[in-house]
Amino acid sequence: MPRVNWGTRRMAVTINVNAWSDAGHAVNHLYDILYMMDRDDILVGVGGDGGISDDGTIYPNVGGYLPLIDQGITTVGECRYRQAIPVEGGGRLDVDTNGGIRRSFLPQVQVFVLICKTGEQKIYTTSSTYNSAKFNIFGDPFAAYQVFHSGIPITLVPLDATNTIPVNKEFFYAFQQHQSTFEAQYCFKSLKMARDTWSDDQFHASYFMWDSFTSGVAISSMRNDKNFQHGNDFAELIYMNVTVITSNEPYGVYDSSNPLFSVHTIPKFGLEKGGVHSGHVQTGITDNFCLIKGSRKGRCEDGYTKEMSGPEAVRVRVATKAKPNTDKNSHLNREFFKSFLKVLTLSENSGRLDIMSQFPFYREVLYKSDFVNKSKGKVVIFDMDMSPGDFISLIYLLKAPTEVIDLKGIIVSCNGWANAATIDVVYDILHMMGRDDISVGRGNSTALGTPTLGCKYVSAIPQGSGGLLDCDTLYGLARSLPRSPRRCTAENSVEHGAPRNTGHPELRQPLAFEVWQVVKKQLYPSEKITILTSGPLTNLANILLSDKNASSVIESVYVVGGHIRDENDTNGNVFTIPSNRYAEFNIFLDPLAAIVVLESTLDITLIPLSSQRKAASFPALLEALKHAQHTPESSFVLHLLSLLHDLQQKHKLYHHMDIFLGELLGAVYLVEGSNMEQSLQLKTIRIVANNSTSTDGQVVVDQQSTHLVKVLVDFDSEEYYERVANYLSKRERSAVIGSFAEQRASWSRQPENSRV
């Protein structure tokens, strides 16, 4: 984006969290960029937990996590439009991590807040239910309509214009030669990763200067308008009469697709019955209403910016194409290309540092435990969904003596309490504890039997406070952890199905099934694998379905999850779906996977919600931790739990924090179950999976069932808290490097072994 001297004007960035990136990851990405550019003065705003009532009252701090049409009073909701954006490769995961470049290049500032990036790319899913929309408008058509019809002067840069400025080879190679600033280096690395991971060999014809070109057009227009000059330096502009389509004809025929009308006697926001907003609203990328039989072209126009006349038309300024380069001696064919490279390499206002220059003695060191001549305990794989409780469980497992458990692998579910990019926090915990030798595999982002592009079940998790936003940042504490050399990247290789090798294919992020295969291959003939799951059972179900011999090498499975109704008729914990009284989140998040696992022949110990609740006293555990001797890891856990407890006491959005505390019971029972006073019962169970969120995920004791599991029904809870605190405070197997503060201190001084 061209730099402009704005004088005394204030600048701010607001973040869309309903499109290409997830709030917790995007915010830290933006803060690091601002830190690199020495612009920590710029205000950053993201989301919010406000909402819109059924009568259309808009409360302060409306979140922006959901499109306006679906916005209720919380941040819980479906992904009507956002599901068109891939969650994994080429989508939100790669944007959240910037393909791994973000952590390998940008300096790190220790702040703990939140942003989002949107692209003007075409909708490129395989669905044919729509045709003329653009992602930025399609992401929330009703909001776009309100903006267009607000009376605010608008300049629109549509795909028709950005399609005239592809990243051709001449520009790419010119950019490669113009990297004299940190920001130029970062942008080029990002562009190169996009090229290296492109799905075919047509990158230079099909990748365009979407957002950056729009920024250039905007800056040029603002600068020229201020100086009373006409025209734009980079684009041809004309005036057109347009509107944004928000629903599909016929209007006034109300079906369940349109909550602005279908669930209200009086239309929401005072909208006109039979008006342009009263038709069918696309429900998803496979909406049958939008399909035309025998055609690949859909009938729905949600998000289409349409030229028209009449009362619905709004006069806007529209970019039609990129201007050619006026310099006939240049190899660059667009005026914007020339300006982009010139501005990005200006010494004025340039970036002041990257991670290497931030720390003069920065080095990437992998820590691996030395288990030579030590006996090994049972081989363990930990399957987690990266909730706060899971990270505490991971630390606990890493404290266990190798004679008790030998933690070989971690597989993460990405359809739980954190988004896929949070896998970097797993790497940081392992680095802190000196266990960079443990493999980490990324699992699926959707539940078994649901569309790859969708959010069924996981949509029950709040996106804002107390949900994904906080879990992705580990409640603001992730950045206090030491920074691991390992990170989730978009690096790939032909060997693993990519069209070409990227620059560093050895840094490719393994998948969950691949980690399973590695651990399985390392087994001695007499060994088997013990699995602890603390999240949806998606990964384990996929392993059982993909590896027919998996059951033969699994010793036992400990499942943290499930709610078995008792004589007191206590509720489950899926608090965002009141109609589902008896489900527990880990089972609810993938009920079909739960059937595959819990109704198998595996030796399963279930640690249900009733037992977790007996291990969920914040005061008891906090008191025990305060009185135990401190280690870096126990101090981190104390800090995290104190924060969760404080939030729970002060803010209603955090009422459910004890859910995470109870999850720790699984790790404790796996490691020390034989030393605990406990009570197990055998029960025959059945999992409810009727494709209804009101009942799915419930665990029913069924005498007719043949699926027998062991259920932990009781244990000595008073002893439990002391046991946890004592374990975390042991000096053995303590952190190798305790925090980012300790790490940055070591990077700021010359290493001892290199001094003369």
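Data block above holds the structure.
Now for a quick tour of the structure. For clarity, every value in this text was computed on a predicted model and none was experimentally measured.

Time to look at the overall build of the protein chain. Each helix and strand in the protein chain was counted, giving 25 helices and 15 strands. Judged by the C-alpha coordinates and their principal axes, the protein chain covers about 80 × 80 × 50 Å. Burial analysis of the protein chain (756 residues in total) assigns 57% to the buried set. Of the roughly 32,200 Å² of accessible surface on the protein chain, 50% is carried by carbon and sulfur atoms. Taken as two groups, the 71 positive and 81 negative side-chain charges of the protein chain have centres that lie 5 Å from each other.

The subject of this paragraph is the packing of helix α17 (residues 538–546) against helix α19 (residues 591–598). The N-to-C vectors of α17 and α19 enclose an angle of 55°; their axes lie 8 Å apart at closest approach. Considering their axes alone, α17 and α19 lie oblique with respect to each other. α17 and α19 meet at a crossing whose hand is left-handed. Of the residues in α19, those in contact with T538, L540, A541, L544 and L545 of α17 are A593, V596 and V597. When its residues are assigned to classes, the contact of α17 with α19 shows seven nonpolar, one polar and no charged.

For the rest of this paragraph, the subject is unusual backbone geometry. Cis geometry marks the peptide bond from E249 to P250, where omega comes out at 5°. Within the fold, P250 resides in the loop between β4 (235–244) and β5 (305–307). Residues other than glycine seldom take positive phi values, yet N349 does so here, at roughly 60°. Checked against the element boundaries, N349 lands in the loop between α11 (335–344) and α12 (355–358). Non-glycine residue Y475 carries a positive phi angle of around 55°. Within the secondary structure, Y475 is located in the loop between α15 (468–472) and α16 (512–521). The buried category is assigned to Y475, whose relative accessible area is 7%.

Scanning the entire structure with this criterion turns up 28 salt bridges. Residue R479 is joined to D32 by a salt bridge in which the shortest nitrogen-to-oxygen separation is 2.6 Å. Here the two residues R479 and D32 agree in accessibility, since each one is buried. Ionic pairing is found between R565 and D569, a salt bridge with its closest N-O pair at 3.2 Å. Here R565 falls in the partly exposed class, since its relative accessible area comes to 48%. The exposure class of D569 is partly exposed, given its relative accessible area of 29%. Among the ionic contacts, a cluster of salt bridges with common partners joins D22, R82 and R92.

A few words now on empty space enclosed by the protein. Reported here for the largest cavity is a volume of approximately 370 Å³. Lining the largest cavity are 33 residues, and of these R82, R92, N419, C455 and V458 lie nearest its centre. With three residues, helix α2 (residues 92–97) is the single largest residue contributor to the lining of the largest cavity. For the lining of the largest cavity, the residue count by class is 17 nonpolar, ten polar and six charged. Approximately 260 Å³ is the volume attributed to the second largest cavity. The dominant element in the lining of the second largest cavity, judged by the number of residues it contributes, is helix α1 (residues 23–36), at four residues. Residue composition of the lining of the second largest cavity, by class: five nonpolar, seven polar and ten charged.

Another point: the packing of helix α7 (residues 169–176) against α11. Running from N to C, α7 and α11 point in directions that differ by 10°, and their axes come no closer than 11 Å. In this view, α7 runs roughly parallel relative to α11, as classed from their interaxial angle. Touching F171, A174 and F175 of α7 are F337, F340, L341 and L344, all from α11. Along the lines of polarity and charge, the residues of the contact of α7 with α11 split into seven nonpolar, no polar and no charged.

Under the definition given, this model contains two disulfides. A disulfide bridge connects C79 with C455, and the sulfur atoms are separated by 2.2 Å. Linking C79 and C455, the disulfide has an S-S dihedral of approximately -110° and is accordingly described as left-handed. When sorted by exposure, C79 lands in the same class as C455, which is buried. Counting only the cysteines that form disulfides, in the order they appear in the protein chain, gives the pairing 1-4, 2-3.

About the thresholds
Residues numbered from 1 in each chain as written. Predicted model: local features only at pLDDT ≥ 70, side-chain atom pairs only at ≥ 80, totals over all residues. Heavy atoms only, no water. Helix = DSSP H or I, 4+ residues; strand = E, 2+ residues; numbered from the N terminus. Buried < 20%, exposed > 50% of the residue type's maximum accessible area, 1.4 Å probe, protein only. Areas by Shrake-Rupley, 256 points an atom, 1.4 Å probe, with all protein chains shown as cover. Lys, Arg positive; Asp, Glu negative; His and termini not counted. Charge placed at Lys NZ, Arg CZ, Asp CG, Glu CD. Axes fitted to C-alpha atoms, helices over the stretch in contact; angles between N-to-C directions. Parallel < 35°, antiparallel > 145°, perpendicular 65-115°, else oblique. Left-handed = near helix turned anticlockwise from the far one by under 90°. Contact = heavy atoms within 4.5 Å. Nonpolar A, V, L, I, M, F, W, Y, C, P; charged D, E, K, R; others polar. Salt bridge = Lys/Arg side-chain N within 4 Å of Asp/Glu carboxyl O. 1 Å grid on protein atoms, 1.4 Å probe; cavity = no way out; pocket = protein on both sides within 12 Å on 5 of 7 lines; lining within 4 Å. Points joined across faces, edges and corners; volume = space filled by probe spheres on them. Disulfide = S-S within 2.5 Å.

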